Amino acid sequence: MEIKRENIDKLLSLNDWQLKMIIQKIAAESGIDPAQFNIDTNSIDSIRKALTNATDEELRQVAEQYEQNMKNKKR
């Protein structure tokens, strides 16, 4: 899996509610219980800053971690 900068830019163009829904969906697919995944406005702001400032290498590492987590989940 590759995380492309253009896709990050598309995520960042979403409003807070839309971005929250996408994050919750990804979390649920990763095995995180949505009921325990509480995300608020401050969290969204922090996520926006992190995504904006993430280097290509950091995005690659996140993609690798996500893929590994999904493989482990299937076992």
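Residues numbered from 1 in each chain as written. Predicted model: local features only at pLDDT ≥ 70, side-chain atom pairs only at ≥ 80, totals over all residues. Heavy atoms only, no water.

Secondary structure summary: the chain contains four helices and zero strands in total. Element order for the chain, N to C, with α for helix and β for strand: α-α-α-α. The principal-axis extents of the C-alpha atoms in the chain amount to approximately 35 × 30 × 15 Å. Across the 75 residues of the chain, 16% fall into the buried class. A sequence separation of at least 24 residues applies to 76% of the contacts in the chain between residues at least 6 apart. (Helix = DSSP H or I, 4+ residues; strand = E, 2+ residues; numbered from the N terminus. Buried < 20%, exposed > 50% of the residue type's maximum accessible area, 1.4 Å probe, protein only. Contact = heavy atoms within 4.5 Å.)

What follows deals with the environment of Glu67. Considering the arrangement of structural elements, one finds Glu67 in helix H4 (residues 56-74). Glu67 sits in the partly exposed class, given a relative accessible area of 28%.

With that settled, the discussion passes to the pattern of salt bridges. The tally for this structure, following the rule as stated, stands at five salt bridges. Arg5 is the partner of Asp56 in a salt bridge, and the nearest nitrogen-oxygen pair spans 3.3 Å. One end of the pair, Asp56, is in helix H4; the other, Arg5, is in helix H1 (residues 5-12), with 51 residues separating them in the sequence. When its relative accessible area of 55% is taken as the criterion, Asp56 is described as exposed. Close ionic contact of Arg60 with Glu57 constitutes a salt bridge, the shortest N to O distance being 2.3 Å. (Salt bridge = Lys/Arg side-chain N within 4 Å of Asp/Glu carboxyl O.)

Another point: the packing of helix H2 (residues 16-29) against H4. H4 packs onto H2 with a crossing angle of 45° between their chain directions and a minimal axis gap of 10 Å. What the angle tells us is that H2 and H4 run oblique. Residues Ile26, Ala28 and Glu29 of H2 touch H4, and the partners they reach there are Tyr66, Met70 and Lys73. Residues of the contact of H2 with H4, tallied by class, amount to four nonpolar, no polar and two charged. (Axes fitted to C-alpha atoms, helices over the stretch in contact; angles between N-to-C directions. Parallel < 35°, antiparallel > 145°, perpendicular 65-115°, else oblique. Nonpolar A, V, L, I, M, F, W, Y, C, P; charged D, E, K, R; others polar.)

As for its placement among the helices and strands, Asn15 is situated in the loop between H1 and H2. Remark: the alpha-carbon pair of Asn15 and Ile44, spanning 29 residues in sequence, is separated by 9.9 Å. Reaching out from Asn15, the side chain makes a polar contact with the backbone nitrogen of Gln18 at a distance of 2.8 Å. (Polar contact = N/O pair within 3.5 Å; in protein donor to acceptor, adjacent residues only side chain to side chain.)

With that settled, consider the packing of H2 against helix H3 (residues 41-53). Any two packed helices are characterised by how steeply their axes cross, that is the angle between the axes, and by the distance between the axes. At their nearest, the axes of H2 and H3 sit 10 Å apart, and the two run at 80° to each other. If you check the angle between H2 and H3, you find them roughly perpendicular. From H2, Asp16, Leu19, Lys20 and Ile23 reach across to H3, where they touch Thr41, Ile44, Ile47 and Arg48. Among the residues making up the contact of H2 with H3, the classes are represented as four nonpolar, one polar and three charged.

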